[in-house]
Structure formats: structure tokens, C-alpha cells
Amino acid sequence: MKHLWHAAEDVLNANWTGGATLPSRRQYPHQWSWDSAFNSIGWARLAPDRARTELRSLFEGQWASGRVPQIIFNPDVDPHAYFPGPDFWRTTTIAGAPPTPTSGIVQPPIHARAALATYLADPQSDASMDFLRALYPRLRSWHGYLRQHRDIGAGGLAAIVHPWESGLDNSPLWDHVLGKRIGDGQAEDYIRRDLTHIDTSHRPTDADYRAYVVLASHYRDTGYRDEKLNDHRFIVEDPLFNAVLLDAELCCARIAELLGQDPRPHRAAARGIHHALVTRLWDSEANRFAARDVRTGALSQTPTIGSLIPLLDPWLTQQMREQVLRLAYSEEFAGGCEYPMPSTALRSPDFDRYRYWRGPTWISTNWLMWTAATAAGADELAGIIARASIELVDRAGFREYYDPLDGAGLGSDLFSWTAALTLDFLASTGVPTDTAAG
Ligand code: 9WN
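Residue positions are given per chain, counting from 1 as you read along its sequence in written order. pLDDT decides what is reported in this predicted model: residues at 70 or higher carry local features, side-chain atom pairs at 80 or more are listed and counted, and totals for whole chains, interfaces and linings draw on all residues regardless. Side-chain numbers come from the whole structure's heavy atoms, not from hydrogens or water.

## Observations concerning the overall build of the protein
In step 1: The helix and strand inventory of the protein stands at 14 helices and nine strands.
In step 2: The C-alpha atoms of the protein give 20 Å as radius of gyration, which agrees with the globular expectation for 438 residues (22 Å, within 12%).
In step 3: Along the first, second and third principal axes, the C-alpha set of the protein runs to 55 × 50 × 45 Å.
In step 4: Partly exposed residues are those whose accessible area sits between 20% and 50% of the maximum for their type, while under 20% is buried and over 50% is exposed, using a 1.4 Å probe and protein chains only. Counting all 438 residues of the protein, 61% fall into the buried class.
In step 5: Restricting the contact set of the protein to residue pairs at least 6 apart, pairs at least 24 apart contribute 70%.
In step 6: With residues, only the protein chains shown are counted as cover, and all accessible areas are computed by Shrake-Rupley using a 1.4 Å probe. Taken as a whole, the protein presents about 15900 Å² of accessible surface, with 47% of it coming from carbon and sulfur. Counting from the N terminus, the helices are the DSSP runs of H or I reaching at least four residues and the strands are the DSSP runs of E reaching at least two. Radius of gyration here is computed from C-alpha atoms only, and the compact-globule reference equals 2.2 Å multiplied by the residue count raised to the power 0.38. The contact criterion used throughout is that any non-hydrogen atoms of two residues lie within 4.5 Å.

## Focus on the packing of helix α11 (residues 318–329) against helix α13 (residues 379–396)
In step 1: For helices, the fitted line uses only the C-alpha atoms of the stretch in contact; every axis is such a line through C-alpha atoms, and the angle between N-to-C directions lies from 0 to 180 degrees. Between α11 and α13, whose axes approach to 11 Å, the crossing angle comes to 35 degrees. In the crossing of α11 with α13, the sense of the turn from one axis to the other is left-handed. Counted together, Leu325, Ala328 and Tyr329 of α11 and Glu380, Leu381 and Ile384 of α13 form the full contact between these two elements.
In step 2: Nonpolar residues are Ala, Val, Leu, Ile, Met, Phe, Trp, Tyr, Cys and Pro. Charged residues are Asp, Glu, Lys and Arg, and all others, Gly as well, are polar. Among the residues making up the contact of α11 with α13, the classes are represented as five nonpolar, no polar and one charged. Left-handed describes a crossing in which the near helix is turned anticlockwise from the far one by less than a right angle; the clockwise case is right-handed.

## Some words on the nonpolar core
In step 1: Definition used in this section: a nonpolar core is a set of buried Ala, Val, Leu, Ile, Met, Phe, Trp, Tyr and Cys residues joined via side-chain atoms within 4.5 Å. In terms of nonpolar packing, the biggest core is built from 141 residues, with Trp34, Phe289, Leu308, Met341, Leu368, Met369 and Leu381 touching the most fellow members.
In step 2: Per element, the largest residue contribution to this core is 11 residues, and it comes from helix α9 (residues 239–258).
In step 3: Residues within four places of Leu381 in sequence aside, it is in contact with Leu325, Ala328, Tyr329, Ala334, Met369 and Ala373.

## Thoughts on the state of the cysteines
In step 1: The disulfide criterion is simple: two cysteine sulfur atoms within 2.5 Å. Evaluation of the coordinates by the stated rule reveals zero disulfides.
In step 2: Free cysteine Cys251: the closest other cysteine sulfur is in Cys252, separated by 7.5 Å.
In step 3: The exposure class of Cys251 is buried, given its relative accessible area of 5%.
In step 4: Of the residues examined, Cys252 reaches a relative accessible area of 0% and is grouped as buried.

## Considering the packing of aromatic side chains
In step 1: Working definition: a ring pair exists when centres of Phe, Tyr or Trp rings (six-membered ring for Trp) sit within 6.5 Å. Plane angles under 30 degrees give stacked, over 60 give edge-to-face, the rest tilted. According to the stated counting rule, one finds 30 aromatic pairs in the structure shown.
In step 2: Here Phe38 and Trp367 contribute two aromatic rings whose centre-to-centre distance is 6.0 Å and whose plane-to-plane angle is 75 degrees, an arrangement assigned as edge-to-face. You can see Phe38 sitting in helix α2 (residues 33–46) and its partner Trp367 sitting in helix α12 (residues 363–375), a full 329 residues away along the chain.
In step 3: For Trp367, a relative accessible area of 4% corresponds to the buried category.
In step 4: Charge-over-ring contacts are defined here by two conditions on Lys NZ or Arg CZ: a distance within 6 Å of the ring centre and an angle within 35 degrees of the ring normal. Above the ring of Trp63, the side-chain terminus of Arg67 is found at 4.6 Å from the ring centroid.
In step 5: Between the NZ or CZ atom of Arg203 and the centre of the ring of Tyr356, over which it lies, the distance is 4.3 Å.

## Quick notes on the layout of surface pockets
In step 1: In this model, the largest pocket occupies a volume close to 380 Å³.
In step 2: Contributing to the lining of the largest pocket are 17 residues, with Arg45, Arg113, Ala117, Trp367 and Asp424 lying nearest its centre.
In step 3: For the lining of the largest pocket, the elements supplying multiple residues, two or more each, are α2, α5 (111–120), α9, α12 and α14 (416–429).
In step 4: Of the residues in the lining of the largest pocket, the class split is 10 nonpolar, three polar and four charged.
In step 5: Put simply, the second largest pocket is a space of about 270 Å³.
In step 6: Buriedness for pockets is judged along seven lines, at least five of which must meet protein on both sides within 12 Å for an open set on the 1 Å grid over protein atoms alone, while cavities are sets there where a 1.4 Å probe fits but cannot get out, and lining residues have an atom within 4 Å of a point. Around the second largest pocket, the lining is made up of 17 residues, and of these Ala20, Gln31, Phe73, Asn74 and Pro75 lie nearest the centre.
In step 7: Tallied by class, residues from the lining of the second largest pocket come to six nonpolar, eight polar and three charged. Grid points are joined across faces, edges and corners, and a volume is the space filled by probe spheres set on the points.

## Quick notes on α11
Structurally, the α-helix is built with 3.6 residues per turn, so residues lying three or four positions apart point the same way.
In step 1: With 12 residues, α11 extends 16 Å between its outermost C-alpha atoms, agreeing within 8% with the 16 Å of an ideal straight helix rising 1.5 Å per residue.
In step 2: For α11, the complete set of buried residues consists of Met320, Gln323, Val324, Leu325, Leu327 and Ala328.
In step 3: On its buried side, α11 packs onto α10 (264–280), β5 (282–283), β6 (288–289) and α13. Under the convention used throughout, the expected extent of a helix is 1.5 Å for every residue step, that is, one less than its residue count.

## Some details on the side chain of Asp35
In step 1: Its location among the elements puts Asp35 in helix α2.
In step 2: Non-local contacts of Asp35, meaning those with residues more than four positions away in its chain, are made with Pro23, Gln107, Phe415 and Trp417.

## Quick look at the site of the ligand
In step 1: Every one of the 15 residues lining the ligand counts as a neighbour, but Asp35, Tyr82, Gly167, Asp169 and Tyr356 are closest to it.
In step 2: Within the side chain of Asp169, one N or O atom sits 2.8 Å away from an oxygen atom of the ligand.
In step 3: The side chain of Tyr356 places a nitrogen or oxygen atom 2.3 Å from an oxygen atom of the ligand.
In step 4: Against a free-state accessible area of 420 Å², the protein chains account for coverage of 100% of the ligand.
In step 5: More than half of a molecule's atoms lying within 2 Å of a cavity's or pocket's grid points is what places that molecule inside it. Mapping the ligand onto the cavity grids shows that it belongs to the largest cavity.
In step 6: Its residues placed into classes, the shell around the ligand shows nine nonpolar, three polar and three charged. If even one non-hydrogen atom of a residue comes within 4 Å of a molecule or strand, that residue is called near it. Whenever two N or O atoms come within 3.5 Å, that pair is a polar contact, provided that in protein one can donate a hydrogen and the other can accept it, and provided that, for residues adjacent in sequence, both atoms are side-chain atoms.

## Re the packing of α5 against helix α6 (residues 126–149)
In step 1: One can describe the packing of α5 onto α6 by two numbers: an axis separation of 10 Å at closest approach and a directional angle of 170 degrees. The pairing of α5 with α6 is recorded here as roughly antiparallel in orientation. For the pair α5 and α6, contact is made by His111, Ala112, Ala115, Thr118 and Tyr119 and by Ser128, Met129, Phe131, Leu132, Leu135, Leu139, Trp142 and His143, respectively.
In step 2: Classifying every residue of the contact of α5 with α6 gives nine nonpolar, four polar and no charged. Every angle not falling under 35 degrees, over 145, or within 65 to 115 is termed oblique; those three ranges are roughly parallel, roughly antiparallel and roughly perpendicular.

## Focus on the environment of Trp164
In step 1: Here Trp164 lies in the loop between β3 (159–160) and α7 (175–181).
In step 2: Given a relative accessible area of 4%, Trp164 falls into the buried group.
In step 3: Considered as a pair, Trp164 and Pro23 are 141 residues apart in the sequence and their alpha carbons are 15 Å apart.
In step 4: For Trp164, the contacting residues outside a window of four places in its chain are Gln70, Pro84, Trp89, Ile105, Val106, Gln107, Asp169, Tyr209 and Tyr212.

On their own, these measurements won't tell you what the molecule is for.
Pasting the structure below:
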């Protein structure tokens, strides 16, 4: 059996196109935004030049407004291999969008953290410094887009306007908003391509998928206009997205220092997000972070992995940090299953051990939670998460997600970010790679 490290390397190599890494060759044959960031964190451990190429190619798809799209379409792939494809989004007709077709929505801004990791993997080389210098203004404009154009609720947070923008697409967090505003709304004709290779019970229901299509086509038809509250049926301030943005600003502060530039605007931006996060998204009755429906101000009721990721915020009060950790260790998450961290609380009526983002454990959110726990000094939790992640991959291969109860692999296989982040877990935790069998 191959060693885990080499097996992960094989997955990344197999999904590498020469300029980017496909999340999975069959299910997701294009370049995805936050996948690219996670993948570059893995490439940084193997071949920093590929990590640089990955992030550079992603930012070639950036719009003039600073928007970094969720998908950069691969021109060599049949445009109907994935739905919604380039014909659906029609971005090349939008002023300021690149000539390469992209989607029109975004994903969580992990990129500054990925850029920093990429630089730090090879800090002595000119190529690495050139990379950082070239990417920094693009990162600034990306965060600027989110902070200015996406502060639709005018409270200092970046709102998402589609569940796919959360990265946790089918989370129960969105059920309430989708049900209320979309209901049985009519969608244009489409064929779901996401069920071709995956068990339907692991993917979103048809009703959820229809709601996604209704929302996306509406956003497209308004020309991807952001600011007007009434343009949107779905506007949510999500704790994971904003905690990641806060962290990204702090990473930019570090990047600015490395480049001899002023880090203070980034720290001030991070502070502002911190303030908004704790005043708008902390549910003081439930003692956890929640997503906020900007239209009504209502906070989401289901505890999810997103309730915990704001542990990334270094300025949380002691009381908030303790409450987050209590929930993380509880029977709802790490304390209630063999293979944490489940994406939805185990005792919630919304928990589904198989269905995408409604229960399964993902290596991407585990990596974020491990990063947050490590930064918060919660070493025991960080250790639990790292061990569970490595064990899952070791037992079930590089799957898209896993059953948190028995560790079975679900969704696509040979999945890139699972391989990439496994490399980072192995390298950071010092697990001997020659004993971890893959
Ligand atoms: C839509 C590529 C992406 C991830 C998302 C994950 C899934 C797409 C889909 O796959 O979403 O973006 O078709 O289901 O939810 O986080 O970036 O891996």
C-alpha cells in the first residue's frame, strides 16, 4: 500500500492541469476558488512553484471590481459537463469581467492565508517574493470588493447572496431563507449534472437545487449587481465567511509587512469585522455564532461547523471563546462521534450523516477548525481534529466528505483539497509519513 503522503501527492498530480488543480476530474472539472486556495496550501508542501501558479491562475479570473469568482471555467472541457456552466452565467458580456468565462458568485476568501502559506514554504527565492508582490494588490482589491460591495446589511460584514457562496452549499443554515423566499419558485429549464457520478442521497434535494438555480439566474439577470437590498431574495451574513475574511485581513497585514508596506489598514479592517461579528452574529441566548438573515435580522437556529469557525478571531472575549470551545467539545460535535467535526450538530433534527453539508465531516472545514483551535491555543481540540482527519483519509481514501459516525467515504473520490490538506496536516503535526499507510 502506498504511503499516505505519496498517495496524496498522486491525487494532486492527477488533478493538475498545468495551471490549476481540478477539485475532482469527474464531478468538478473546472477551477474553483476556495478549492484553489486549499489546494495551493497542499502544493506549498510539495512544489511551491505549483502553489504560486495555482493562485496566479485563479486571480487571472478576477473581475475589475475585485470579485474573485467561484469558478473559472476550463475552456478545454465540454461546457455541459458541469451545471451551471458558462452558458448559464454569461459573464463575458459583463463590463469588467475577464474574457475567460467564470461564474458570477464568490466563495470564502481563504486566499490570503493560502498566499502567505505559499510564500512561507519558500521564503528565500526571488520567485516567491515576486509572487507575493504580484498577488498582494489583487488580494487587497478582492477584500475591498467584499467589504464595500457586499456590506449589503450596512453593519460591517460581507453578505453572501447565494448558498453556494458560503462554500457550505447545502447547509441547513439556508433552509429557512430559501423556503420563505423561493418556495416553489419557477426555475429555467436545466439538467442536473451533479447526480451523474454520485449517489442522490448524498447530494442536495431537487427542491434545494431548484432554489439555487432560481437565485443564481435572478442575480445574473440583475447584472450581478450587489448593493441594492431589494435586488436580493437571499442575503445572509455568515459567521464562517466573515471569520475567514477577518483572518484574511490579518494575513494581509503580515504580507504587507513582508513587502515593507503598511499593515495598519488591514489590522483596522480585521478589527472592524471582529466588532461586527460579535455584535451581529453572536447569539447571546444560544451562546454561539449564527448566520443572520439580513432581511429580517433573524439568526439561524441550527448549530453547524460555522458556529465554531469564528474561533479564528483573536479578539473574542474569554467568555465567547469558552462557549465556542464548549460547543466544539460537546456531544453535538467532537464529543459525539468517532470522526469529527460533523458539518451539522449531531443532535439537531437537521443532521443527516450522508447528505452534503448536512452532517458529514469535511477535511476543508476540519482544517479551518484545526487552524482556529491551534491559534486559540486549544491544542487538545486541534489534536483531536488532526488525528480524525488523518484517520479518515487513511481508512477511506481521499473522499469529498465522510460519515462522521462510521468514517465511510462519501461524495467524489480522489478529491483534491482532501489530499492537499492531508499533506498540510501530516507536515504540521509531524506524523511520520512513512508509517501512515494510504
Ligand atoms: C458548487 C468544488 C465545490 C466546493 C463547494 C462544494 C461543492 C459545488 C457543487 O463543490 O459545490 O460550488 O456543485 O456542489 O459545496 O464547497 O467548492 O469542490
